[in-house]
Number of protein chains: 2
Amino acid sequence: MAAKIPTRLHLSEDEVPRYWYNLRADMADKPQPLLHPETLTPITKADLEPVFCKEPVKQELDETTRLIPIPEGVQEFYRAYRPAALIRAYFLEKALATPAEIYYKFEGTNTSGSHKLNSAGPQSFYAKAEGLSSLVTETGAGQWGTAMAMAAGFYGLNLTVFMVKVSSEQKPHRRALIETYGARLIPSPSDTTESGRAILAKDPSSGGSLGCAISEAIEKAVKTEKCRYVPGSVLNHVALHQSIIGQEAKAALDKYGIKPDVIIGCAGGGSNLAGLIAPFMGERLAGTSKARFIAAEPASCPSFTRGRYAYDFGDTAKATPLIRMLTLGSGFVPSSSHAGGLRYHGMNPILSKLYKDGFLEAQAHVQSAVFEAAVQFMKVEGILPAPESAHAIKAAIDEALECKKTGEKKVILFGLSGTGYFDLSAYMAYNNKTMVDYVPGDEELERGFASIPDIPQNRV
Amino acid sequence: MAAKIPTRLHLSEDEVPRYWYNLRADMADKPQPLLHPETLTPITKADLEPVFCKEPVKQELDETTRLIPIPEGVQEFYRAYRPAALIRAYFLEKALATPAEIYYKFEGTNTSGSHKLNSAGPQSFYAKAEGLSSLVTETGAGQWGTAMAMAAGFYGLNLTVFMVKVSSEQKPHRRALIETYGARLIPSPSDTTESGRAILAKDPSSGGSLGCAISEAIEKAVKTEKCRYVPGSVLNHVALHQSIIGQEAKAALDKYGIKPDVIIGCAGGGSNLAGLIAPFMGERLAGTSKARFIAAEPASCPSFTRGRYAYDFGDTAKATPLIRMLTLGSGFVPSSSHAGGLRYHGMNPILSKLYKDGFLEAQAHVQSAVFEAAVQFMKVEGILPAPESAHAIKAAIDEALECKKTGEKKVILFGLSGTGYFDLSAYMAYNNKTMVDYVPGDEELERGFASIPDIPQNRV
């Protein structure tokens, strides 16, 4: 059978999925609701709508609708760069001499270089549809900022991106790309918001942080007419939009009668992983599949493998609702020696719940091992992976090598969420053997956990 | 009919062309032969084989075989990233409000970021097949060096890349990518060759040039056991390998019954343009098509529009055979204010001949107009184009706007030869309005022409 599978498992436009899949609808035990940080009661539409766009808020709170139609205006956007390729890794299989079949869903061919565009598109579409004129967001490594710049430009919306200052200085080309797409980029902390000014007053030379950039973005969104904030990960409506990854992967595999045994994704805030696994996990929850699911995370920011399952804030400034999730504490800051993204302290609530309930496994990998896997992959498959995505490659290679030992012909599917064109400094460090593997000590984690709010729900 | 054409015109693996198309076989008037620079007689296999690999030499001299089978070992390599997408530019058509249909063949999704991989693959395959252990080449902007690093790594060959020193310093990330793929990169001029040492003796701080890098590469190839030199453009066998672009584009268009009226490509050394137009030009020469063909070149290095049709050297060190081509003279050096590639003084001999015979038109564009077109394109089509490729976009947009005036529903096909991830400094210059449009004066061109050899064949 293997010989009949093409290298690229195409979907024609007719075969492209027209629905996002809302996994929560099929979860018997659902994630706990977001809480209002002051009242500690479940958050409502009215609480969220001053910050987020209306339809995404509805999606965030919708736990029952299984299939949500992708609006025609978003389908049109998706057609510009989707369906994303599902690739049989024949060359990698050969290099590993594994009996396993390896497939990867490659989300990096669009110019933003990652899967982030899958949610930037719909969020911009809904903003335009409800009559907004501008959006605000933050970006760290830059993938989300680039995706939003592309999407906002496409739908004719103004966009302001608060980019972590140290990142905007280290990655002038990311900045150039975002600005070329017409977005206004402000290095954060800035003097354009109260939260930015407060941080600068304490430390005028602050290089910023993702938490600070989120706070500035939310503040600006709330204070600006016809403007909202757009999040790039963690929240459930972002994961919903990313389900297009899994929906397409499943449609392509189904076409060839292929059932994956192991499904692997990298995890930072979790949207890429949640999107990839969604329809496959639905079958597992329904009992029609015995597939295993693996989250691959950095050992330097191990939310899954060493985090606590608690209600926590999504940002360091504590401006978001409380989210029940696996978290290292919003005060946890990953070591600066960590090269790629995936530096977020928390994790999407659906994934957190699935992990707690034993449906999802997790592995933490040190970055030198991750780059070793990336280089092995790129030399045979010809694609320069993002360091983030390379965590999934590492886990997939380990799994394939295990098959080599046992002789099992497992079918492995992993998500290659993006390309590494803007991460070549990290590859240089790996080539020069100056890359440092950092694993936080228990005391360091304890300091992070101390920032988790001490509320009754967390004392149970 | 238009509504039935998908955004992406896929070819399945069964539909992928298995032959390169050798346009010379269908040319009644063929390009003149390469000459030995000392004897001024047509070059022979024996002259070329000490420098180039055997099968490529055979292809270089083959004027009669129409279809050359792509070896299975190269087809396997192509399957890793081909077929390249043929995309209907619905969004660009809408933005321009043109009645024209616009299609583009996008060669940038592979990690080398350009079409260069199409020849790097076969050249490495043939080198391996004849038992060589290493290859040497040069690179300017870095696309060819990256492509060769990927291909040499794939086929298990050692590779040395002489990279123009100023470029290796300006583009550390290109360098990192080439090195990550396992190639040895030497900034040129270097002290590893006689020609490099000679240049350094005159000017120790020399930033190098493509001509100098070619000389060093050829010298090293000739002096090393089981080693040859691999060229990235200009020569006919490189154009032959690039015919896979046109072969695929034609197969996909034929599938939908589409006949292009205008076919446009950017031109530096000419391999991308020659490859794209080959099968369409074959029909034009046979009288079964009336399509127009347009070469888009930079006004700062105008080989087509202001060059002389003469026998000239391919490099500044005069180490190559003499090539009858459109040339600005091997002593012509494009202004450093010119941002992208396409800085070559000469032009592929097939294209030069077709231009002289009236089958091919040419346009020269200043770079600010080219970047304006690039930004217009990327905002609607979502792809960051290489500055080189943006010359073709500029010409395609002009053609589509002309259709808007006349109401003609022309079918326009252009080649989008690569992505601009490593060219964001140039986009920054465009955004900041610090980009300079340079057009060489007549005196400057005369100085270049003075370097064209004064041989009898050039006095006719």
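See the structure shown above.
What counts and how
- Residues numbered from 1 in each chain as written.
- Chains lettered and ligands numbered in written order.
- Predicted model: local features only at pLDDT ≥ 70, side-chain atom pairs only at ≥ 80, totals over all residues.
- Heavy atoms only, no water.
- Buried < 20%, exposed > 50% of the residue type's maximum accessible area, 1.4 Å probe, protein only.
- Helix = DSSP H or I, 4+ residues; strand = E, 2+ residues; numbered from the N terminus.
- Contact = heavy atoms within 4.5 Å.
- Least-squares fit on C-alpha atoms with pLDDT ≥ 70 in both.
- Core = buried A, V, L, I, M, F, W, Y, C linked by side-chain atoms within 4.5 Å.
- Pairing = 2+ DSSP bridges.
- Lys, Arg positive; Asp, Glu negative; His and termini not counted.
- Salt bridge = Lys/Arg side-chain N within 4 Å of Asp/Glu carboxyl O.
- Buried area = accessible area lost by both parts, 1.4 Å probe.
- Expected span 1.5 Å × (residues − 1).
- Disulfide = S-S within 2.5 Å.
- Axes fitted to C-alpha atoms, helices over the stretch in contact; angles between N-to-C directions.
- Parallel < 35°, antiparallel > 145°, perpendicular 65-115°, else oblique.
- Left-handed = near helix turned anticlockwise from the far one by under 90°.
- Nonpolar A, V, L, I, M, F, W, Y, C, P; charged D, E, K, R; others polar.

1. Some points on helix α8 (residues 172-180) of chain B
For α8(B), every residue scored as buried is listed here: R174(B), A176(B), L177(B), I178(B) and T180(B). Here the buried face of α8(B) lies against α15 (367-381) and α17 (424-431) of chain A together with β5 (134-139), α6 (143-155), β6 (158-164) and β7 (184-188) of chain B.

2. Thoughts on the relation of the copies chain A and chain B
Mapping chain A onto chain B calls for a rotation angle of 180° and an axial translation of 0.0 Å; the resulting RMSD is 0.0 Å. Both copies are brought into coincidence by an operation consistent with a two-fold rotation axis. No C-alpha of chain A approaches the rotation axis more nearly than that of T109(A), which lies at 2.9 Å. Taken as a fraction of all interface residues of chain A, those also at the interface in chain B reach 100%, which identifies the copy contact as same-surface.

3. Comments concerning the nonpolar core
Of all hydrophobic cores here, the largest spans 197 residues; its most connected members are F414(A) and F414(B). Ignoring sequence-local partners within four residues, the contact set of F414(A) consists of I102(A), Y103(A), Y104(A), K105(A), I264(A), L276(A), F377(A), A392(A), I393(A) and A396(A). One finds A249(B), I263(B), A295(B) and I350(B) within the second-largest nonpolar core, a separate group that totals 36 residues.

4. Looking at the pairing of strand β4 (residues 101-106) of chain B
All names here are of chain B. Of all 6 residues in β4, 6 are buried; the element is thus mostly enclosed. Neither face of β4 is open: one carries E101, Y103 and K105, the other I102, Y104 and F106, and all of them are buried. By the bridge criterion, 4 bridges tie strand β3 (residues 85-88) to β4 in an arrangement that is antiparallel. The residue of β4 that forms the bridge with I87 is Y104. Here β4 pairs with strand β14 (residues 411-416) via 6 bridges, running parallel. Opposite K105, over in β14, you have G415 as the bridge partner.

5. A word on the side chain of D312(A)
Residue and element names in this part refer to chain A. Looking at where D312 falls in the secondary structure, it is placed in strand β11 (residues 308-313). Despite its burial, D312 pairs with no opposite charge, the nearest such side chain being K318 at 6.3 Å. Once residues lying within four places of it in the same chain are set aside, the contact partners of D312 are P321, L322, I323, M325, T327, G329, S330, H345, S451, I452 and P453.

6. Quick look at the interface of chain A and chain B
Facing the 41 residues of chain A at the interface are 41 residues of chain B. Buried surface at the junction of chain A and chain B, summed over both partners, amounts to about 3700 Å²; 59% is from carbon and sulfur atoms. Sorting the residues of chain A by area buried against chain B places F91(A), T180(A) and Y421(A) first, and these three jointly supply 19% of that buried surface. Our enumeration of links across chain A and chain B arrives at 0 salt bridges. For the side of chain A that touches chain B, the secondary structure elements donating two or more residues are α3 (72-79), α4 (90-96), α6 (143-155), α8 (172-180), α15 and α17 of chain A. For the side of chain A that touches chain B, the leading source of residues is α8(A), giving 6 residues.

7. What to know about α15(A)
Residues and elements named next belong to chain A. Helix length check: α15 (15 residues) gives 20 Å between terminal C-alpha atoms against 21 Å at 1.5 Å per residue, within 8%. Of all 15 residues making up α15, 11 are buried, and the element is well covered by its neighbours. Those residues of α15 that sit buried are Q367, A369, V370, F371, A373, A374, V375, F377, M378, V380 and E381. Positive phi appears at G382, one or two residues downstream of α15, with a value of about 80°.

8. What about the state of the cysteines?
Applying the stated rule across the entire model yields 0 disulfides over all chains. Its sulfur unpaired, C301(A) is 13 Å from the next cysteine sulfur, which belongs to C266(A). Assessed through its relative accessible area of 2%, C301(A) is described here as buried. Left without a disulfide partner, C53(B) is nearest to the cysteine sulfur of C227(B), which lies 8.8 Å away. Exposure remark for C53(B): the relative accessible area of 2% places this residue in the buried category.

9. Some points on the packing of helix α3 (residues 72-79) of chain B against α6(B)
Residue and element names in this part refer to chain B. Taken N-terminus to C-terminus, the directions of α3 and α6 make an angle of 125°; their axes are 12 Å apart at the nearest point. The angle between the axes of α3 and α6 places the two elements in the oblique class. Classified by chirality, the crossing of α6 by α3 is right-handed. Two secondary-structure elements touch here, α3 through G73, V74 and F77 and α6 through A151, F154 and Y155. Partitioned by chemical class, the residues of the contact of α3 with α6 number 5 nonpolar, 1 polar and no charged.

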